[in-house]
Amino acid sequence: INMPVDFFPDKCITKLNDPLFGLCDIPPRKAFVNKVDDGSWIATVLNESMHEVTFVAVDVCLELKKENGELDSSCDCLMTYNSNIIFAELKEISSTSLKWIRKADAQLRNTIKRFEESYTLSSYSKKEAYISNSQQPQFKSSQKERMQKFKDETGVRLKIVATIEL
């Protein structure tokens, strides 16, 4: 059994209520928000209602460990606002192969599973997961089956787009 994880430590949190901001991931750093569109944004967040958003860097900042002590895979970040939760995996891949979507799907699923070991996901009214790829913001092929399966298996709605609307 995995140890409970605090998904909201101060060192991983940024609070903001800007109407527009970007999510960035420049390994090996933790994911971060950027209020200036300087080309580093992987996902764009539209927060027109200016909700108070709690951004949490998950990958690199939180240490999700497996039972054997090795680091577990996780998505890059999550955000909460008004009892809603959004998990996000940020990619910068121009490959036509779908491996990056499969990997992102697995990272999101694992983070959601680990989150549920310490928190009650059903207490959130809206639950979404995003796979955002700055190299392919308008993803071409239909992922309806993957998205439906993700929802059925996690209870979280999956979207594969580069713009997150709150």
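Residues numbered from 1 in each chain as written. Predicted model: local features only at pLDDT ≥ 70, side-chain atom pairs only at ≥ 80, totals over all residues. Heavy atoms only, no water.

**Points about the sheet that holds strand β10 (residues 163-165)**
Taken together, the four strands give an open sheet; going across it, the order is β3-β2-β4-β10, and neighbouring strands pair in mixed fashion. Each edge of the open sheet is held by one strand with a lone partner, namely β3 (32-34) and β10. Between one strand and the next, the sheet's axes are offset by a mean angle of 30°, whatever the strand orientation. In the sheet, strand β2 (residues 20-24) pairs with β3 via three bridges, with the strands oriented antiparallel. Of the residues in β3, the one forming a bridge with Cys24 is Phe32. (Pairing = 2+ DSSP bridges. Helix = DSSP H or I, 4+ residues; strand = E, 2+ residues; numbered from the N terminus. Axes fitted to C-alpha atoms, helices over the stretch in contact; angles between N-to-C directions.)

**Brief notes about the side chain of Asn110**
If you trace the backbone, Asn110 turns up in helix α1 (residues 99-116). Taking relative accessible area as the criterion, Asn110 reaches 13% and is therefore assigned buried. If sequence neighbours within four positions are ignored, Asn110 has contacts with Asp72 and Ser73. (Buried < 20%, exposed > 50% of the residue type's maximum accessible area, 1.4 Å probe, protein only. Contact = heavy atoms within 4.5 Å.)

**What about the state of the cysteines?**
Think of a disulfide as a covalent bridge from one cysteine sulfur atom to another cysteine sulfur atom. Evaluated as defined, the whole model comprises one disulfide. For Cys12, the disulfide goes to Cys61, at an S-S distance of 2.0 Å. The sign of the -95° torsion about the S-S bond sets the Cys12-Cys61 disulfide as left-handed. Here Cys12, found in the segment before β1 (13-16), pairs with Cys61, found in the loop between β5 (53-57) and β6 (77-81); they are 49 residues apart in sequence, far enough to count as distant. Residue classification places Cys61 among the buried residues on the basis of a relative accessible area of 7%. Here Cys24 stays unpaired: no disulfide links it, and the sulfur of Cys77, its closest cysteine neighbor, is 9.7 Å away. The thiol sulfur of Cys77 is not disulfide-bonded, and the nearest other cysteine sulfur, from Cys75, lies at 6.5 Å. (Disulfide = S-S within 2.5 Å.)

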